[in-house]
Amino acid sequence: CADPIYETVHQEPMNTRTTTAPTVEPLTLAETKVHLREDLTDAGNDALITSLIAVARQACEHRVQRALMLQTLEATLDAFPCASARNPDAAIELIMPPVIDVTSVTYTDANGTSTVLASTDYTLDARSEPARLVPAYGLSWPATQASIAAVRVVYRAGYSTSATAATAQAAVPAALRQWMLLAVGEMYVYGSGCSDKPAVRHDFVDALLDRYRIWSL
């Protein structure tokens, strides 16, 4: 396990990346065009608006450190954490809530063999934000080889697992969707980047995100 000397109160994975991006965005093209007061029958700027929706979602996720739509992420650590006074459960924090489930936990054992940990050997606390992954009751994390990225946790996150786009979109908090609409609007109008009107930096607009931010200590 990781040296407890280097543990912090909120231990984050060494690295977390998205391996499967969302296939649906929180905003539809039609509602965004209505917000922009664009002619719904004119498809001339549809490609641009669609790309801005994706950019706005990515910016929102970055600012609040949340996954808005269903996506798969992979967290990597050099070793499993040790139980300590600061981390008594030897928990692994999974960022970008809400976390839905853990797909797999794979580690490189002391002999250098890649091994998939049985799902019965760990417990996910998805109610916490960030979520916490801990050994199952009475168990501890296995020993790993002293190598980079010896532990790999694949998990899903997002506000909904629904395959119905409208349902998944409706699950995203209204304040975050409204921020995205305003972000798309400013990027669309001031796409060239005016120095006196920077995109989406108004205090009131950014305050829409505050309730949903994951604050770091």
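Note that the coordinates shown come from a computational prediction; the quantities given were computed from them, not determined experimentally.

A. Looking closely at the packing of aromatic side chains. By the definition in use, this model includes 2 aromatic pairs. Each ring, one from Phe80 and one from Trp141, has its centre 4.6 Å from the other, and the planes form 5 degrees; the classification is stacked. Separated by 61 residues along the polypeptide, Phe80 in the loop between strand 2 (71-77) and strand 3 (92-94) and Trp141 in the loop between strand 7 (131-135) and strand 8 (151-157) bring together distant segments of the chain. According to the relative accessible area criterion, Phe80 is buried, its value standing at 1%.

B. Up close: the environment of Pro22. Mapped onto the fold, Pro22 is located in the loop between strand 1 (15-20) and helix 1 (29-35). For Pro22, the residues in contact, after removing those within four places along its chain, are Arg57, Met69, Leu70 and Gln71.

C. A look at the sheet that holds strand 2. If you trace the 5 strands from one edge of the open sheet to the other, you get 1-2-8-4-5, paired in antiparallel fashion. Of all strands in the sheet, those with a lone pairing partner are strand 1 and strand 5 (114-116), marking the two edges. Each strand of the sheet is rotated relative to its neighbour by a mean of 25 degrees, with strand direction disregarded. Here strand 4 (residues 99-108) runs beside strand 5; their pairing, made up of 3 bridges, is antiparallel. Among the inter-strand pairings, Thr106 is bridged to a residue of strand 5, identified as Val116.

D. Just the nonpolar core, in detail. In this structure, Leu94, Leu133, Val153 and Tyr155 are the most contacted members of the largest nonpolar core, which totals 23 residues. Elements with a minimum of two residues in this core: strand 2, strand 3, strand 4, strand 7 and strand 8. Residue contacts for Leu133: discarding those within four places in its chain leaves Ala90, Ala91, Ile92, Leu94, Val102, Val105, Tyr122, Thr123, Leu124, Trp141 and Val153.

E. Representation of the packing of helix 2 (residues 46-64) against helix 4 (residues 174-189). Across the interface, helix 2 lies against helix 4 with an axial gap of 9 Å and an inter-helix angle of 125 degrees. Considering the angle they form, helix 2 stands oblique to helix 4. The way helix 2 lies across helix 4 gives a crossing that is right-handed. Here Leu48, Ile49, Leu52, Ile53, Val55, Ala56, Arg57, Ala59, Cys60, Arg63 and Val64 of helix 2 come into contact with helix 4, specifically with Leu176, Trp179, Met180, Ala183, Val184, Met187 and Tyr188.

F. Seen up close, helix 4. In this model, helix 4 (16 residues) spans 23 Å end to end at C-alpha, consistent with the 22 Å of a helix rising 1.5 Å per residue. Those residues of helix 4 that fall on the buried side of the exposure criterion are Ala175, Leu176, Arg177, Trp179, Met180, Leu181, Ala183, Val184, Gly185, Glu186 and Tyr188.

G. Representation of the sheet that holds strand 3 in the model. Spatial ordering of the open sheet is given by 3-7-6, a layout of 3 strands whose pairing is antiparallel. In this open sheet, the two strands that pair with only one neighbour each are strand 3 and strand 6 (122-125). Strand-to-strand twist across the sheet, computed as the mean angle between neighbouring axes with direction ignored, equals 25 degrees. Pairing of strand 6 with strand 7 involves 4 bridges; the strand directions are antiparallel. Bridge assignment links Asp125 to a residue of strand 7, and that residue is Arg132.

H. Region of the structure containing the environment of Val102. Locating Val102 in the fold gives a position in strand 4. Spatially, the C-alpha atom of Val102 lies 8.8 Å from that of Leu133, the residues being 31 residues apart in sequence. Aside from chain neighbours lying at most four places away, what touches Val102 is Leu94, Tyr122, Leu124, Leu133, Val153, Val154 and Tyr155.

I. Quick peek at the confidence of the model for the protein chain. Overall, the prediction assigns the protein chain a mean pLDDT of 89, with 85% of residues at 70 or greater. For residues 5-10, every residue scores under 50 in pLDDT, and the model assigns this stretch 11 contacts once sequence neighbours within four places are set aside.

J. Inspection of the pattern of salt bridges at higher detail. In total, this model carries 9 salt bridges according to the counting rule given. We note a salt bridge from Glu31 to Arg177, for which the minimum N-O separation is 2.7 Å. One end of the pair, Glu31, is in helix 1; the other, Arg177, is in helix 4, and 146 residues separate them in sequence. Exposure remark for Glu31: the relative accessible area of 24% places this residue in the partly exposed category. The salt bridge involving Glu61 is made with Arg57; its shortest N-O contact spans 3.0 Å. A residue pair is termed a helical-turn pair when its members lie 3 or 4 positions apart in one helix, as Glu61 and Arg57 do in helix 2 at 4 residues. In the salt-bridge network here, residues are joined through shared partners; they are Glu25, Arg57 and Glu61.

Conventions we followed
- Residues numbered from 1 in each chain as written.
- Predicted model: local features only at pLDDT ≥ 70, side-chain atom pairs only at ≥ 80, totals over all residues.
- Heavy atoms only, no water.
- Phe/Tyr/Trp six-rings, centres within 6.5 Å; stacked < 30°, edge-to-face > 60°.
- Helix = DSSP H or I, 4+ residues; strand = E, 2+ residues; numbered from the N terminus.
- Buried < 20%, exposed > 50% of the residue type's maximum accessible area, 1.4 Å probe, protein only.
- Contact = heavy atoms within 4.5 Å.
- Pairing = 2+ DSSP bridges.
- Axes fitted to C-alpha atoms, helices over the stretch in contact; angles between N-to-C directions.
- Core = buried A, V, L, I, M, F, W, Y, C linked by side-chain atoms within 4.5 Å.
- Parallel < 35°, antiparallel > 145°, perpendicular 65-115°, else oblique.
- Left-handed = near helix turned anticlockwise from the far one by under 90°.
- Expected span 1.5 Å × (residues − 1).
- pLDDT = per-residue confidence, 0-100.
- Salt bridge = Lys/Arg side-chain N within 4 Å of Asp/Glu carboxyl O.

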